[in-house]
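Fold and geometry: a report
The lines below spell out each chain.
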Amino acid sequence: MLKVGELAAAAGLTVRTLHHYDSIGLLRPSARSDAGYRLYDRDDVARLHRIQALRAFGMSLSDIGLYLDSPEGSALAVVERQLAALDRQMREAGHMRKQLLSLRAALADGREPDLPTWLDSLERMSMYEKYFTQDELARLPMYHDDSVKAQWKALVEEAQALIRKQVAPDSETAAAFGRRWLDAFGRGTGGDADLAARINLMAEREKEAVGIPQEVMQFMVAIIGELKQAIWSRYLAPEVIARMRKHYITRGHEWTILIGQVREQMRADPDGVQPASQALGRQWMDLFHDMVGTDPQAVAGFRRAIQEQPMLRTGAGVDDDALAWLRKGIQASQA
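The text that follows walks through the structure, step by step, so that each part is easy to find. (Residues numbered from 1 in each chain as written. Predicted model: local features only at pLDDT ≥ 70, side-chain atom pairs only at ≥ 80, totals over all residues. Heavy atoms only, no water.)

1. Describing the overall build of the chain
Looking only at helices and strands, one finds 16 helices and three strands in the chain. Burial statistics for the chain: of 335 residues in total, 42% are counted as buried. Pairs at least 24 residues apart make up 65% of the contacts formed inside the chain by residues separated by at least 6 positions. Counting every atom, the chain has about 18,100 Å² of accessible surface; 54% of that belongs to carbon and sulfur. (Helix = DSSP H or I, 4+ residues; strand = E, 2+ residues; numbered from the N terminus. Buried < 20%, exposed > 50% of the residue type's maximum accessible area, 1.4 Å probe, protein only. Contact = heavy atoms within 4.5 Å. Areas by Shrake-Rupley, 256 points an atom, 1.4 Å probe, with all protein chains shown as cover.)

2. Overview of the nonpolar core
Among the nonpolar cores identified, the biggest contains 36 residues, and Phe 132, Leu 140 and Trp 181 are the most heavily contacted of them. Apart from residues lying up to four places away in sequence, Trp 181 is in contact with Trp 152, Leu 155, Val 156, Ile 212, Val 216, Met 220 and Ile 224. (Core = buried A, V, L, I, M, F, W, Y, C linked by side-chain atoms within 4.5 Å.)

3. Quick look at the packing of aromatic side chains
This structure, assessed with the given rule, holds six aromatic pairs. Plain terms: the ring middles of Trp 152 and Trp 181 are 4.7 Å apart, the flat faces sit at 85° to each other, and that makes the pair edge-to-face. Here Trp 152 is found in helix H9 (residues 146–164), whereas its partner Trp 181 is found in helix H10 (residues 172–188), with 29 residues between them in sequence. Neither residue differs from the other here; Trp 152 and Trp 181 are each classed as buried. Between Trp 232 and Phe 302, the aromatic rings sit 4.4 Å apart at their centres with planes inclined by 10°, giving stacked as the arrangement. Note that Trp 232 is positioned in helix H12 (residues 214–232) and Phe 302 in helix H15 (residues 296–308), a separation of 70 residues in sequence. Accessibility classification places Trp 232 together with Phe 302 in one group, the buried group. Cluster of aromatic residues (ring-pair linked, three or more members): Trp 152, Phe 177, Trp 181 and Phe 185. (Phe/Tyr/Trp six-rings, centres within 6.5 Å; stacked < 30°, edge-to-face > 60°.)

4. Structural notes on the packing of helix H11 (residues 193–206) against helix H13 (residues 238–268)
H13 packs onto H11 with a crossing angle of 135° between their chain directions and a minimal axis gap of 9 Å. The angle between H11 and H13 falls in the class oblique. When you trace H11 past H13, the crossing you get is left-handed. Along the contact surface, H11 presents Ala 193, Asp 194, Ala 197, Arg 198, Asn 200, Leu 201 and Glu 204, while H13 presents His 253, Thr 256, Ile 257, Ile 259, Gly 260, Arg 263 and Arg 267. (Axes fitted to C-alpha atoms, helices over the stretch in contact; angles between N-to-C directions. Parallel < 35°, antiparallel > 145°, perpendicular 65-115°, else oblique. Left-handed = near helix turned anticlockwise from the far one by under 90°.)

5. Some details on unusual backbone geometry
At Gln 166, a residue that is not glycine, the phi angle is positive and equals roughly 60°. Along the chain, Gln 166 turns up in the loop between H9 and H10. Its relative accessible area of 71% is what places Gln 166 among the exposed residues.

6. Observations regarding the packing of H10 against H12
Two elements in contact, H10 and H12, have axes separated by 9 Å at closest approach and are oriented at 105°. On the basis of the axis angle, H10 is roughly perpendicular to H12. Within the contact between the two elements, H10 uses Ala 174, Ala 175, Phe 177, Gly 178, Arg 179, Trp 181 and Leu 182 and H12 uses Val 216, Met 220, Ile 223, Ile 224 and Leu 227. When its residues are assigned to classes, the contact of H10 with H12 shows ten nonpolar, one polar and one charged. (Nonpolar A, V, L, I, M, F, W, Y, C, P; charged D, E, K, R; others polar.)

7. Looking at helix H4 (residues 61–68)
When we look at burial in H4, the residues that qualify are Leu 61, Ile 64 and Leu 68. For H4, the arc enclosing every buried residue in end-on projection is 50°, short of the 170-degree limit, so these residues lie on one face. (Arc of directions from axis to C-beta.)

8. Points about the sheet that holds strand E1 (residues 2–3)
With respect to topology, three strands assemble into an open sheet ordered E1-E3-E2, the strand pairing being antiparallel. A single partner strand is all that each edge strand has here, and the edge strands are E1 and strand E2 (31–32). (Pairing = 2+ DSSP bridges.)

9. Description of the side chain of His 144
If you trace the backbone, His 144 turns up in helix H8 (residues 141–144). Polar contacts involving the side chain of His 144 include one to the main-chain carbonyl oxygen of Ala 138, which spans 3.0 Å. (Polar contact = N/O pair within 3.5 Å; in protein donor to acceptor, adjacent residues only side chain to side chain.)

10. Notes on H15
Under the 1.5 Å per step criterion, the end-to-end length of H15 is 18 Å for 13 residues, consistent within 8% with the ideal 18 Å. All buried positions along H15 are accounted for by Ala 298, Val 299, Gly 301, Phe 302, Ala 305 and Ile 306. Seen end-on, H15 carries its buried residues on one side only, within an arc spanning 165°. Exposed residues pointing more than 90 degrees away from the buried face of H15 are listed as Pro 296, Gln 297 and Gln 307. If you check the start of H15, you find a side-chain oxygen 3.1 Å away from the backbone N of Gln 297, and it comes from Asp 295. (Expected span 1.5 Å × (residues − 1).)

11. Section: the pattern of salt bridges
One pass over the structure, following the stated rule, counts 18 salt bridges. Linking Arg 267 and Asp 194 is a salt bridge whose minimum nitrogen-to-oxygen distance equals 2.9 Å. Remark: Asp 194 occurs in helix H11 and Arg 267 occurs in helix H13; sequence separation between them is 73 residues. Notably, a salt bridge pairs Arg 251 with Glu 254, separated by 2.9 Å at the nearest N-O pair. Placement of the pair is Arg 251 and Glu 254 together in helix H13, with a separation of three residues, close to one helical turn. The exposure class assigned to Arg 251 is partly exposed, which follows from its relative accessible area of 26%. What emerges from the salt-bridge pattern is a single network uniting Glu 136, Asp 194, Arg 198, Arg 263, Arg 267 and Asp 319. (Salt bridge = Lys/Arg side-chain N within 4 Å of Asp/Glu carboxyl O.)

So, in structure tokens, the structure goes:
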């Protein structure tokens, strides 16, 4: 039997995290010592292995609890899923190895590889690895899946064609294309809000290095903004919609950075009690009030729309876990 501190040290976790797992019923210790200390046996450790494996796949804690009680959540199924992710990672490493072998052959023959070859190799080595671990890259289809990459290339070319035709972002043609773009983004990020948030952050910071020209990025931001504004208008007064439009023009880019910071802090402080977490909560509320205002009716309408309209969160990197985490930080800062 292991005490909570011993298990935390062996698993590379904090004692606070194990206490949190216990409090939500995700991992309850099988026994307690006479002094009341938590004690974990082999079955508990095996369950923790599955929990951490599923967390690495981007699954929320609430979903993990349900998943572990299903046939797909057995130890065998989770290990097989880990192996599949490792296989994908090995395939990506194989692609990189082929590229490096090609570079080496050219250099050995005295030939200088062209600029695109160098840039592609450099991108694979550095840009994605600044934002994702190898395990995360293994479950990021837009990084390792050639069919997804081809789909994105085609979408970018289609967006450029729409720009050349001067299609308006608020047109029905643009709206239909925007919905397809969001669907593709969901598939490309595996439906993982955390990965989506970091892809957005990478695109904001790295600009065209991600493979999407800035004119396309700006066009898609405008289209998706119009899609979402059309939904907001069913819940909010015209003056609030006008305020939101102004906000997105002047401060909309701040959301991408803030959401990325929130996802990063969620990994560092799952309980949301650290001062840095509380500071992010206050920053979130400041930006929210700049966007929507402080009128209770507007705030209530906004929150109702978020709950009832999934598209409003599509592609943003925000999910129920992130919102719940933010609420804890905000409440702690107000206590």
